[in-house]
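Here is what each chain is made of, one letter per residue.
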Amino acid sequence: KQEVTQIPAALSVPEGENLVLNCSFTDSAIYNLQWFRQDPGKGLTSLLLIQSSQREQTSGRLNASLDKSSGRSTLYIAASQPGDSATYLCAVGHSGYSTLTFGKGTMLLVSP
Amino acid sequence: SQTIHQWPATLVQPVGSPLSLECTVEGTSNPNLYWYRQAAGRGLQLLFYSVGIGQISSEVPQNLSASRPQDRQFILSSKKLLLSDSGFYLCAWTQGTGANVLTFGAGSRLTVL
């Protein structure tokens, strides 16, 4: 059974810092990996999708990497802003039908 | 463009009462549809998914059920709610198979008292 772990559970940084969120998974036979953002009481917004054949994806200040062999992914946020404050969730896909296994998330607070 | 709607947004129900949460997707056809639950202190858990009308796959045994009466409509139901059914329920969709982005609705907050 796939297990997804996110470290740290919570992170507080001052505005402008670069930061890294970590995600690890136990079964390396994955189909894809997605990073999501969730604001309090809201649904999830997809940030980046990495296919199993890819090593990284970039969108603006966000960069996600994938190392299948070691069962790890990182989300790098450059020049953090207060608007980045949210919970970031990592999810591993097992098939083409997006039946994802989620981590519990990292709660990020960026202070002005 | 495609949009996904969920309702109701908030629901407070007594133990033993029935439940019906609805989800619809607009602007696409034959989407894959999903119900996830997010309970306090736990990660998101896939409950059901559907790849077509009348086709439902259940991931976790429970007192919940799902139905897909129309191509773009997905319903989550229960005949008798339990306290443990409380949580944040999220509907989501993707198009076809492959490494496609999963798009979520705004969620339905269920409190069972």
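Let me sum up the structure you'll find in this document. Computed from a prediction, not measured in an experiment: that's the story for all the values here.

Analysis parameters
Within any chain, residue numbers begin from 1 and follow the written order of that chain's sequence. Both sets of labels track the order of writing: A upward for chains, 1 upward for ligands. Residue-level local features of this predicted model are given only where pLDDT is at least 70; pairs of side-chain atoms are given and counted only at 80 or more, and the full residue set underlies all totals for whole chains, interfaces and linings. To obtain the side-chain values, all non-hydrogen atoms of the structure were used and water was disregarded. Here a cavity denotes a set of grid points, spaced 1 Å apart and computed over the protein atoms alone, in which a 1.4 Å probe fits but from which it cannot get out, and a pocket denotes an open set meeting protein on both sides within 12 Å along at least five of seven lines; residues with an atom within 4 Å of a point are reported as lining. Grid points are joined across faces, edges and corners, and a volume is the space filled by probe spheres set on the points. Each helix corresponds to a stretch of at least 4 residues labelled H or I by DSSP, and each strand to a stretch of at least 2 residues labelled E; elements are numbered beginning at the N terminus. A pair of strands is treated as paired once DSSP finds two or more bridges between them. Inter-axis angles, ranging from 0 to 180 degrees, are taken between N-to-C directions of lines fitted to C-alpha atoms, where helices are fitted over the stretch in contact. Definition used for salt bridges: Asp or Glu carboxyl oxygen within 4 Å of a side-chain nitrogen of Lys or Arg. Buried residues are those whose accessible area, probed at 1.4 Å on protein chains only, stays under 20% of the maximum for their type, while exposed residues exceed 50% and partly exposed ones sit between those limits.

Moving on, we get to the layout of surface pockets. Estimates place the volume of the largest pocket at around 520 Å³. Counting only elements with at least two residues in the lining of the largest pocket, the list comes to strand 1 (4–7) and strand 10 (100–102) of chain A together with strand 5 (44–52) of chain B. Quantified by volume, the second largest pocket comes out at close to 420 Å³. A:Gln38, A:Thr87, A:Lys104, A:Met107 and B:Gln38 are, among the 23 residues lining the second largest pocket, the residues nearest its centre. Of all the secondary structure elements, the ones that give two or more residues to the lining of the second largest pocket are strand 9 (86–93) and strand 11 (106–111) of chain A together with strand 9 (87–95) of chain B. A total of 3 residues in the lining of the second largest pocket trace back to one element, the largest contributor, which is strand 11 of chain A.

Residue and element names in this part refer to chain B. Overall, antiparallel pairing links the 4 strands, which are arranged 1-3-8-7 in an open sheet. Bordering the open sheet on either side are strand 1 (3–7) and strand 7 (64–70), each of which pairs with just one other strand. Looking at each pair of strands side by side, their axes are set apart by 20° on average, direction ignored. With 5 bridges joining them, strand 1 and strand 3 (residues 19–26) adopt antiparallel strand pairing. Across the sheet, the residue bridging to isoleucine 4 is valine 25, located in strand 3.

With that settled, the discussion passes to the pattern of salt bridges. Inspection of every chain in the model, using the stated rule, returns 4 salt bridges over all chains. In this structure, A:Arg61 and A:Asp84 form a salt bridge, with 2.8 Å as the shortest nitrogen-oxygen distance. Taken together, the positions of A:Arg61 in the loop between strand 6 (56–59) and strand 7 (62–67) and A:Asp84 in the loop between strand 8 (72–77) and strand 9 put the pair 23 residues apart, joining distant regions of the chain. Under the relative-accessibility criterion, A:Arg61 is labelled partly exposed at 29%. Given a relative accessible area of 7%, A:Asp84 falls into the buried group. Among the ionic pairs, B:Arg68 bridges to B:Asp71, the shortest N-O distance being 3.4 Å.

Attention now moves to the sheet that holds strand 6 of chain A. All names here are of chain A. Taken in spatial order, the 5 strands make up an open sheet running 1-3-8-7-6, and their pairing is antiparallel. Looking at strand neighbours, the two that pair on one side only are strand 1 and strand 6, the edges of this open sheet. Averaged over all adjacent pairs, the angle separating strand axes in this sheet is 15°, with direction ignored. In this structure, strand 6 lies alongside strand 7, joined through 4 bridges in antiparallel fashion. Counted as the bridge partner of glutamate 56 is serine 65 from strand 7.

Scope: geometric values only; no functional claims are made or implied.
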